[in-house]
Amino acid sequence: FFEILGYSREEFIGKDTRMLYQTETEYRAVGEMLYKTPYSLAPVSCETRHIRKDGTIIDILLSATLINPNDASAGFAFILQDITARKQAERELKANQDKLRSTFLTIPAGIGVVVDRILVDVNQKFLDMLGYGRDEIINHSAQMLYANESEFNRAGEIIYRDSATYGLAAFESKWRTKKGSNID
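Remember, it's a predicted structure, so these values are computed and weren't measured experimentally. In this numbering scheme, every chain counts its residues from 1 along its sequence in written order. For this predicted model, a pLDDT threshold of at least 70 governs which residues receive local features, and a threshold of 80 or more governs which side-chain atom pairs are given and counted, while totals over whole chains, interfaces and linings are taken from all residues. With hydrogens and water excluded, all non-hydrogen atoms of the structure serve as input to the side-chain values.

Trainee: Before we go on, may I ask you to explain the overall build of the protein chain in this structure?
Mentor: Under the scheme used here, helices are H or I runs from DSSP no shorter than 4 residues and strands are E runs no shorter than 2 residues, and both carry numbers assigned from the N terminus. Looking only at helices and strands, one finds seven helices and seven strands in the protein chain. Reading the secondary structure of the protein chain in the N-to-C direction produces α-α-α-β-β-β-α-β-β-α-α-α-β-β. C-alpha extents for the protein chain along the principal axes are approximately 80 × 35 × 30 Å. Throughout, exposure labels follow a simple rule: accessible area from a 1.4 Å probe, protein chains only, divided by the maximum for the residue type, with under 20% read as buried, over 50% as exposed, and the rest as partly exposed. Classification of the 184 residues of the protein chain by burial places 27% in the buried group. Note that accessible areas follow from Shrake-Rupley with a 1.4 Å probe, and for residues the cover is restricted to the protein chains shown. Taken as a whole, the protein chain presents about 12,100 Å² of accessible surface, with 54% of it coming from carbon and sulfur.

Shown next, in the form of structure tokens:
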């Protein structure tokens, strides 16, 4: 606890925990969560941010439980976990997902995401090339795209073989548009 916040026991004991919060709003929100939650044996947890003694802002998982469930005036026992690295990784992952999603949506090539041979996502170019609406294609078998069943089976063999060997698969195939014409 003290190591995470950078204070010695003597510097911290008896002080108002308000000094750990960036804003009065956050301080009050955490307090309301603690004091308005029905008292029970189960701990209460929330994510918040605290200010360390050196001024550094860190992400915290704060867990609290009543010392005596029958007497709220006995106070709380707290556990702090520094989750700054995890929260930073989450922010970076979100930024990367946003960038990937933006590329997926705007690239001038048809892209489809298939899981177990079911179409789970496609970009607009993909829909434009084949003439389908999103609701006509998402969560449907990719077989609907192939000129015939043997082409679908051939593609599956190549995809599974090459994905297992190389981590990806690339091949040419004939597809069928919504209007029934074949495209390469």
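From this point on, the discussion continues.
Trainee: What is the right way to look at the nonpolar core in this model?
Mentor: Soluble globular proteins tend to pack their nonpolar side chains together in the buried interior. Remark: nonpolar core denotes a set of buried residues (Ala, Val, Leu, Ile, Met, Phe, Trp, Tyr, Cys) joined through side-chain atoms within 4.5 Å. Counting 18 residues, the largest nonpolar core has Leu5, Leu20, Tyr21, Val30, Leu34 and Leu62 as its most contacted members. Broken down by secondary-structure element, the contributors of at least two residues to this core are helix H3 (24-36), strand S1 (44-51), strand S2 (57-66) and strand S3 (76-82). Ignoring anything within four residues of it in the chain, the contact list for tyrosine 21 reads Glu26, Tyr27, Val30, Thr48, Arg49, His50, Ile51 and Leu62. Counting residues in hydrophobic clusters, the runner-up holds 13 residues, among them Leu119, Val122, Ile138 and Ala142. Any two residues having at least one pair of non-hydrogen atoms within 4.5 Å are treated as being in contact.

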